[in-house]
Amino acid sequence: MPRKLKTAAKPRRPLPLPALVALWLLIFVATTYALTSAYHGALHSRIVKPKESALAVYPAQTPARFVRAVDGDTVRVLIGENEERVQLLGVDAPEMFRRQITTEGESVQSEWQETGDLAATFAMQQLEAALAGKQLTLEFGESQRDQYGRLQAWVWIGEPGKGALVNEWLLQHGLAKLTSLPKGSKYAERMKAADGGVS
């Protein structure tokens, strides 16, 4: 039986540079799209919005008892038997926590982590000290709640107009910065003055 002669395999020609660049670009775009879609899908699936029907509606001025500061511009209060989270209107303090998103393969993990920001810790501690044991009055603007179900309010120690406006106090003490206020906000001028006249 005759033996087959082994012939050397023909060497493959490398892809021309434009084809390599196009292939690399296609892989990069597809991978980026897949990761971005997975990230956004996981992020939106983990944001839990409370049911509107389960949320209490309160009078325009509502008494509340301070429970604790969550951070420099958010507090927990008791209104009757309901514990509510309240975002102070018109102010933004440094963040105590940030959401950390990590991916491993198809798995996406989401958790809150402390920022370690000393200014955030200081603002939260000062707010806690100022409100500890105090009776508050929440004064609501046009919308009582944000998209996450938190109350949004002007927070008074004591009665509105007679006590201290906590939102203003945060600005006066440099613990928060002024955020944009909707046109016609009841305390817009007062808040701008507390922030040093910045619009």
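Cut-offs applied
Residue indices follow the written sequence of each chain, beginning from 1 at its first position. Reporting in this predicted model follows two pLDDT cut-offs: at least 70 for local features of residues, and 80 or more for side-chain atom pairs to be given and counted; totals over whole chains, interfaces and linings ignore these cut-offs and use all residues. Note that water and hydrogens are dropped before the side-chain values are worked out from all heavy atoms of the structure. Put simply, DSSP marks the helices as runs of H or I at least four residues long and the strands as runs of E at least two long, and each gets a number from the N terminus on. Type-normalised accessible area, obtained with a 1.4 Å probe on protein chains alone, sets the label of each residue: buried when under 20%, exposed when over 50%, and partly exposed for intermediate values. For the area figures, the Shrake-Rupley method with a 1.4 Å probe applies, and any residue is considered shielded solely by the protein chains shown. Two aromatic rings from Phe, Tyr or Trp, using only the six-membered ring of Trp, form a pair when their centres are within 6.5 Å; if the ring planes differ by under 30 degrees the pair is stacked, by over 60 it is edge-to-face, and anything between is tilted. A carboxyl oxygen of Asp or Glu within 4 Å of a side-chain nitrogen of Lys or Arg is what we treat as a salt bridge. Throughout, a residue-residue contact means that at least one pair of heavy atoms, one from each residue, lies within 4.5 Å.

**Q** Would you take a moment to explain the overall build of the protein for this structure?
**A** Assigned secondary structure in the protein consists of four helices and 10 strands. In the protein, the order of α-helices and β-strands from amino to carboxyl end is α-β-β-β-β-β-β-α-β-β-β-α-β-α. Counting only residues that meet the buried cut, the protein has 30% of its 199 residues in that class. Per element, the accessible surface of the protein, about 13,700 Å² overall, is 56% carbon and sulfur.

**Q** Explain the packing of aromatic side chains to me, please; I cannot follow it from the model alone.
**A** As enumerated under the stated definition, the model contains two aromatic pairs in all. Members of the aromatic cluster, connected to one another through ring pairs, are W154, W156 and Y187.

**Q** Even after reading the chapter, I still don't get the pattern of salt bridges, so can you show me in this structure?
**A** All told, the structure shown has seven salt bridges when counted by the stated rule. A salt bridge links R190 to E168; the shortest N-O distance between them is 3.0 Å. Here E168 lies in helix α3 (residues 166–172) and R190 lies in helix α4 (residues 188–194), a separation of 22 residues in the sequence. Residues K192 and E189 are paired through a salt bridge, measuring 3.9 Å at the closest nitrogen-oxygen approach. Of the two residues, K192 and E189 are both situated in helix α4; the distance of three residues between them amounts to about one turn of the helix.

**Q** How should the environment of E168 be read in this particular structure?
**A** By relative accessible area, E168 is classed as buried at 12%. On a C-alpha basis, the gap between E168 and V91 in space is 8.4 Å, while along the polypeptide they are 77 residues apart. In this structure E168 touches R190, M191 and A194, once residues within four positions along its chain are discounted.

**Q** Got a minute to help me understand the environment of W156 in this structure?
**A** Relative to the helices and strands, W156 resides in strand β8 (residues 151–157). Residue classification places W156 among the buried positions, given a relative accessible area of 0%. Separated by 12 residues in sequence, W156 and E168 have C-alpha atoms that sit 9.6 Å apart. If sequence neighbours within four positions are ignored, W156 has contacts with Q135, L136, T137, E139, G161, G163, A164, L165, Y187 and R190.

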